[in-house]
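# Remarks on the overall topology
Below are the chains, spelled out letter by letter.
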Amino acid sequence: MKLTKQFQLYESDHTKFIRELKAKHPEMEAGQIAGRALLWDKAPITLADQDKTKESRVQQQAYVYQNKL
């Protein structure tokens, strides 16, 4: 599907706003990358650590609020 020239030149108000904001505050992108690294970019978990975590889990009873008789 080929876009017509009219749609190729279109830029939404949101896109313009983000471009202007990033132009005014170039340090903002570095903060975004740091925030992503803090929450999402984690080192992979080794298989040994996965097994250790799985073995250390405590079995939960079917109904948590019921006392054991």
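In the nomenclature of an unreviewed UniProt entry, the chain is known as DUF3460 family protein of Massilia genomosp. 1.

### What about the overall build of the chain?
Of regular secondary structure, the chain possesses four helices and zero strands. When the helices and strands of the chain are placed in sequence order, the string is α-α-α-α. Put simply, the chain has 69 residues, and 0% of those count as buried. Only carbon and sulfur atoms are counted for the fraction: they give 59% of the accessible area of the chain, which is about 7600 Å².

### Notes on the pattern of salt bridges
It is possible for side chains of opposite charge to pair when their charged atoms get near one another. According to the stated counting rule, one finds two salt bridges in the structure shown. The residue arginine 36 makes a salt bridge to aspartate 41 at a minimum N-O spacing of 3.0 Å. A residue is classified by how much of its surface remains accessible, and arginine 36, at 52% relative accessible area, is exposed.

### Describing a nonpolar patch on the surface
Side chains of Leu38, Leu39 and Trp40 sit close together on the surface and give an oily, nonpolar patch of about 440 Å² of accessible area. Its location among the elements puts tryptophan 40 in the loop between α3 (27-39) and α4 (47-56). Judged by its relative accessible area of 68%, tryptophan 40 is exposed.

Rules behind the numbers
Residues numbered from 1 in each chain as written. Predicted model: local features only at pLDDT ≥ 70, side-chain atom pairs only at ≥ 80, totals over all residues. Heavy atoms only, no water. Helix = DSSP H or I, 4+ residues; strand = E, 2+ residues; numbered from the N terminus. Buried < 20%, exposed > 50% of the residue type's maximum accessible area, 1.4 Å probe, protein only. Areas by Shrake-Rupley, 256 points an atom, 1.4 Å probe, with all protein chains shown as cover. Salt bridge = Lys/Arg side-chain N within 4 Å of Asp/Glu carboxyl O. Patch = residues over 30% accessible without salt bridge, like charges linked within 9 Å, V, L, I, M, F, W, Y side chains within 5 Å.

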